[in-house]
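What the coordinates show
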There are 2 protein chains.
Amino acid sequence: MATLKQVAAHAEVSVQTVSNALNAPHRLRADTLERVNRSIELLNYRPNRNARSLRTSAVELIGYCVPSWPNQTHLVMDQFLHALCAAAERTGRHILLFTAPGGVDGMPTYDDLHARRMVDGFVLSQTETHDPRHGWLKEQGIPFVSFGRVWKETTQPGPWVDVDGAAGSAMAVRHLYESGRRRIAFLGWPKSSGLGEDRVGGWRDACKDLGLPTTGLTVRCREDSIEEGARATARLLDAGRTVDGIVALSDILALGALRELTRRGLTPGHDVGVTGFDDSPLAEVVSPGLTSLRQPMDQIAEELITILTGSSNGSPVERLLRPELVIRGSSAPG
Amino acid sequence: MATLKQVAAHAEVSVQTVSNALNAPHRLRADTLERVNRSIELLNYRPNRNARSLRTSAVELIGYCVPSWPNQTHLVMDQFLHALCAAAERTGRHILLFTAPGGVDGMPTYDDLHARRMVDGFVLSQTETHDPRHGWLKEQGIPFVSFGRVWKETTQPGPWVDVDGAAGSAMAVRHLYESGRRRIAFLGWPKSSGLGEDRVGGWRDACKDLGLPTTGLTVRCREDSIEEGARATARLLDAGRTVDGIVALSDILALGALRELTRRGLTPGHDVGVTGFDDSPLAEVVSPGLTSLRQPMDQIAEELITILTGSSNGSPVERLLRPELVIRGSSAPG
DNA sequence: CGGATTGTTTTTAACGTTCAAAACGTCCGT
DNA sequence: ACGGACGTTTTGAACGTTAAAAACAATCCG
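Before going into details, it helps to say that this report is about the structure given with it. Here the residue numbers are simple positions, counted from 1 along each chain's written sequence. Chain labels run from A onward and ligand labels from 1 onward, assigned in the order the entries are written. For a predicted model such as this one, the threshold for reporting local features is a pLDDT of at least 70, and the threshold for listing and counting side-chain atom pairs is 80 or more; totals across whole chains, interfaces and linings nevertheless cover every residue. Values shown for side chains rest on all heavy atoms present in the structure; no hydrogens or waters enter the calculation.

Glancing now at the relation of the copies chain B and chain A. The operation relating chain B to chain A is a screw motion whose rotation component is 180 degrees, with 0.1 Å of axial translation and a residual RMSD of 0.1 Å. Considering both components of the superposition, the chain copies are consistent with a two-fold axis. Interface residue correspondence from chain B to chain A reaches 100%, placing this contact among same-surface, isologous pairings. All copies are superposed by least squares; the fitting set is the C-alpha atoms of residues with a pLDDT of at least 70 in both. Note on contacts: a residue pair qualifies if any of its non-hydrogen atoms lie within 4.5 Å across the two residues.

Structure (structure tokens):
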């Protein structure tokens with residue numbers, strides 16, 4: 001494996017000149033640059049990243065903790081990871097995966113990776129309400145950016161990128177409204193979830209804007225499962241009042257709604273319009289296809305990397321992106 | 001950030017002694033070791049990985065190319081990644097993610113990562129028939145291990161770990177047989193797929209062993225989609241002959257089968273037993289739950305890391321692991 | 001023509017670690 | 001007392017790169 005020294009000898013220049021040819025080519029005279037480049041090519045030289053990192057103390061690696069919540073399925077994780085990787089590579093960086101316990105217990109792992117100079121910073125995801133990681137990292141001066149706000153904190157301890165759940169729900173409501181639905185229910189999560197409150201808020205506001213009723217039309221599911229989604233839908237339908245639209249907080253809950261509707265002989269899309277969230281692979285795979293709010297993964301990843309690797313001057317950056325409504329059969333005009 | 005030098009000064013020993021305290025503690029006198037360890041603790045010293053890697057030329061990082069086939073969904077990728085990460089960490093290593101074009105076009109990317117000393121080796125997955133990567137890497141002398149055999153090669157160019165698809169299919173067939181099914185069909189892929197041929201072979205052999213018919217009971221789907229699975233099932237049922245069991249090559253195809261059966265008023269599990277492959281999150285989320293063959297992810301990951309980081313003495317290692325049949329409602333005794 | 005200016009290249013000194021060899025003690029047998 | 005053997009510690013050099021400063025060369029200006 002060729003080194004700078006060997007290239008330098010071959011091109012008959014000093015080591016530093018070869019280094020400059022790579023990192024500051026404008027400093028070289030045109031003919032020298034070409035000569036050096038020929039030698040680099042000829043010897044198939046590639047800079048040793050470890051030596052470079054040792055000298056510059058920047059490893060160009062970004063840590064990402066691969067999540068593993070047993071209950072929750074990460075249906076869009078592969079999309080996210082691919083987007084994140086691609087965005088990192090566009091800046092010459094890479095993603096280093098690691099596992100860590102949740103909450104504060106995981107902090108030593110983050111600290112260690114940073115202290116050993118294995119990563120320059122972190123991308124956080126799976127942000128929880130009152131997530132302790134953000135404050136901790138900020139306190140340690142470890143660079144990070146979060147995919148997801150730290151809910152229930154007035155001042156956010158660090159930069160983040162997030163998808164506007166309220167706007168998403170509102171889009172779903174308006175879409176159902178435009179296809180004639182007038183009693184649109186919401187399947188949500190317990191109040192403790194910041195993400196849940198964000199999305200239910202958007203539904204409520206949009207309904208009020210359009211003059212639609214909201215009372216008695218919210219069901220809070222205890223967990224994110226098909227079963228709970230179906231139960232919640234059953235409760236809604238059994239309450240006696242008509243429901244012709246359902247905005248679900250997740251694709252999983254929406255699938256539960258679809259199942260319950262079908263079980264009762266109602267046709268999703270025709271009798272009741274249903275929408276989900278996140279546009280997971282399931283959404284286009286079920287029948288009828290599930291209308292869902294897609295997260296703009298590429299843009300999210302791009303912003304995350306930009307913020308993390310940016311000059312970070314002044315106040316932390318906050319970016320709220322709009323999801324995109326992907327319309328499928330479950331909300332076909334009825 | 002503390003360095004070896006500072007720890008050495010604090011403990012009043014030489015730099016090398018501190019290094020030895022970490023890498024070869026048996027060489028130190030007990031009291032020296034303790035003194036050094038106290039200093040390490042006190043100064044909160046962590047070895048700089050870049051300096052270490054530069055010296056030893058081992059980065060303790062394993063490259064994994066995050067796949068992105070547009071058509072195919074990676075329903076178990078997060079499970080795999082988590083297992084792989086955990087297994088790597090058990091040996092003090094980590095996973096570095098990257099993206100690369102498929103086939104030979106991606107090889108420069110692999111080569112580059114290795115040449116720049118950013119990874120020690122690679123874990124390959126999403127192995128295709130005649131996959132060129134294995135031969136190429138072997139030729140370059142770049143360490144790797146593959147999750148998945150290189151199909152259609154008599155001598156495998158490198159070590160691999162794989163799941164025994166034939167055994168899996170056979171388990172599914174025997175399970176359906178035990179609950180009384182006697183005409184068990186197979187939903188597969190085109191003949192060009194090595195993985196497909198492996199699984200269909202297991203089905204055929206198991207049926208013959210049990211004295212069950214196989215002729216006219218195989219359907220080859222053009223692509224891995226719910227739609228194709230449903231179409232294939234329709235074709236089977238329209239052929240006039242009875243079918244009381246379906247072994248599908250994938251969970252997706254199995255879901256298609258479930259859908260078509262339900263559409264025709266047949267009850268999966270009661271009228272026809274259905275099994276899938278891979279035990280994706282979908283399997284336990286649909287209704288009825290889908291009986292499926294789970295890949296032993298933790299064991300796979302463990303083997304991959306062991307082989308890749310092992311002494312690699314002599315001939316390449318090959319490990320064929322048995323999948324586990326997870327029984328759910330879709331194959332409930334009818 | 002001398003001094004300043006600019007452009008290009010080289011020299012020197014790190015970055016933080018580990019390897020190999022040398023040095024230092026201590027104990028032993030003779 | 002001496003040489004050897006062992007156990008522990010230190011010394012010197014190297015891994016491959018880049019930052020900073022120094023050196024050199026060419027050009028410009030008064």
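Moving on, we come to the interface of chain B and chain A. Taken residue by residue, the interface counts 44 residues in chain B and 44 residues in chain A. Defined in terms of a 1.4 Å probe, buried area is the accessible area two parts forfeit on being brought together, summed over both. Between chain B and chain A lies a buried interface of about 4000 Å² when both sides are counted; carbon and sulfur atoms form 65% of it. When the buried surface of chain B facing chain A is broken down by residue, Arg46(B), Asn50(B) and Leu97(B) rank first, second and third, together holding 16% of it. A carboxyl oxygen of Asp or Glu within 4 Å of a side-chain nitrogen of Lys or Arg is what we treat as a salt bridge. Remark: the boundary between chain B and chain A carries four salt bridges. Measuring nitrogen to oxygen at the nearest pair gives 2.7 Å for the salt bridge that ties Arg46(B) to Asp112(A). In the analysis that follows, any N or O atom pair within 3.5 Å is treated as a polar contact, provided that within protein one partner can donate a hydrogen and the other can accept it, and provided that, for residues neighboring in sequence, both atoms belong to side chains. Linking chain B with chain A are 10 residue pairs in polar contact (both at pLDDT 80 or more).

Attention now moves to the protein's contact with DNA strand D. When at least one non-hydrogen atom of a residue lies within 4 Å of a molecule or strand, that residue is treated as near it. Looking at DNA strand D, there are 25 residues lining it, with Leu4(A), Ser19(A), Tyr45(A), Arg55(A) and Thr32(B) nearest. Atoms of DNA strand D within 4 Å of the protein: sugar and phosphate make up 62%, bases the balance. Here a phosphate oxygen of DNA strand D and a backbone polar atom of Asn48(A) are 2.9 Å apart. Arg55(B) places a side-chain nitrogen or oxygen 3.2 Å from a base nitrogen of DNA strand D. Numbering of helices and strands starts at the N terminus; helices are DSSP runs of H or I of at least 4 residues and strands are runs of E of at least 2. Mapped onto the surface near DNA strand D, the elements with two or more residues apiece are α2 (15-23) and α4 (49-56) of chain A together with α2 (15-23) and α4 (49-56) of chain B. Take the surface near DNA strand D: its biggest share by element is five residues, from α4(A). Its residues assigned to classes, the surface near DNA strand D shows nine nonpolar, 10 polar and six charged. Residue polarity follows a fixed list, in which Ala, Val, Leu, Ile, Met, Phe, Trp, Tyr, Cys and Pro are nonpolar, Asp, Glu, Lys and Arg are charged, and the others, Gly among them, are polar.

Attention now goes to the protein's contact with DNA strand C. Looking at DNA strand C, there are 25 residues lining it, with Thr32(A), Leu4(B), Gln16(B), Tyr45(B) and Arg55(B) nearest. For DNA strand C, the backbone makes up 64% of the atoms found within 4 Å of the protein, where backbone means sugar plus phosphate. Element by element, the count of residues in the surface near DNA strand C is highest for α4(B), at five residues. The residue makeup of the surface near DNA strand C, split by class, is nine nonpolar, 10 polar and six charged.

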